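Residue strings, one per chain:
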Amino acid sequence: PEPSAVVDVIGVHPQFAGRHVGAALFRQLEMQLGALGIETLRTEVDWSQQRLLAFLEHRGFVPAPRLCLEKRVPPR
């Protein structure tokens with residue numbers, strides 16, 4: 001196992017869109033995680049969220065060599 005972190009949510013108020021706030025948040029997050037010895041940052045993105053995928057790709061994210069699986073749990 002490697003020291004890793006998971007980003008579940010990052011958001012920028014629409015009023016501040018296009019002002020590089022998200023990029024600044026990620027830079028700060030990476031600095032803090034690096035100081036903690038974290039080596040890998042992971043997240044999951046809906047394939048249809050092309051703008052978010054482009055944002056993450058611009059920050060160095062690449063597809064992971066993992067396959068995410070899910071199964072619906074039937075209600076009782």
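Just above, that's the structure.
Residues numbered from 1 in each chain as written. Predicted model: local features only at pLDDT ≥ 70, side-chain atom pairs only at ≥ 80, totals over all residues. Heavy atoms only, no water.

A. Here's a closer look at the overall build of the chain. Assigned secondary structure in the chain consists of two helices and two strands. Its helices and strands taken in sequence order, the chain reads β-α-β-α from the N to the C terminus. Overall, the chain is about 45 × 35 × 25 Å in size when its C-alpha atoms are taken along their principal axes. Relative to its 76 residues, the chain shows a buried fraction of 12%. Considering only contacts within the chain whose residues lie at least 6 apart along the sequence, 60% involve residues at least 24 apart. Summed over all atoms, the accessible surface of the chain reaches about 7,100 Å², with 57% contributed by carbon and sulfur. (Helix = DSSP H or I, 4+ residues; strand = E, 2+ residues; numbered from the N terminus. Buried < 20%, exposed > 50% of the residue type's maximum accessible area, 1.4 Å probe, protein only. Contact = heavy atoms within 4.5 Å. Areas by Shrake-Rupley, 256 points an atom, 1.4 Å probe, with all protein chains shown as cover.)

B. Expanded view of the layout of surface pockets. In this structure, the largest pocket spans a volume of roughly 990 Å³. Along the wall of the largest pocket there are 26 residues; nearest its centre are Thr 43, Phe 61, Val 62, Pro 63 and Ala 64. Of all the elements in the fold, those that place two or more residues in the lining of the largest pocket are helix 1 (21-35), strand 2 (40-42) and helix 2 (50-58). A class-by-class count of the residues in the lining of the largest pocket yields 15 nonpolar, four polar and seven charged. (1 Å grid on protein atoms, 1.4 Å probe; cavity = no way out; pocket = protein on both sides within 12 Å on 5 of 7 lines; lining within 4 Å. Points joined across faces, edges and corners; volume = space filled by probe spheres on them. Nonpolar A, V, L, I, M, F, W, Y, C, P; charged D, E, K, R; others polar.)

C. Fine view of the pattern of salt bridges. Evaluation of the coordinates by the stated rule reveals one salt bridge. Where Arg 42 meets Glu 2, a salt bridge forms, and the shortest distance between an N and an O atom there is 2.7 Å. Within this pair, whereas Arg 42 is found in strand 2, its partner Glu 2 is found in the segment before strand 1 (4-6), the two being separated by 40 residues in sequence. Note on Arg 42: relative accessible area 22%, which makes it partly exposed. Owing to a relative accessible area of 38%, Glu 2 belongs among the partly exposed residues under this scheme. (Salt bridge = Lys/Arg side-chain N within 4 Å of Asp/Glu carboxyl O.)

D. Examining the nonpolar core more closely. The biggest cluster of nonpolar side chains holds seven residues, and these are Ala 5, Val 7, Phe 26, Leu 33, Leu 41, Leu 56 and Phe 61. Setting aside residues no more than four positions away along its own chain, Val 7 makes contact with Leu 29, Leu 41, Arg 42 and Thr 43. (Core = buried A, V, L, I, M, F, W, Y, C linked by side-chain atoms within 4.5 Å.)

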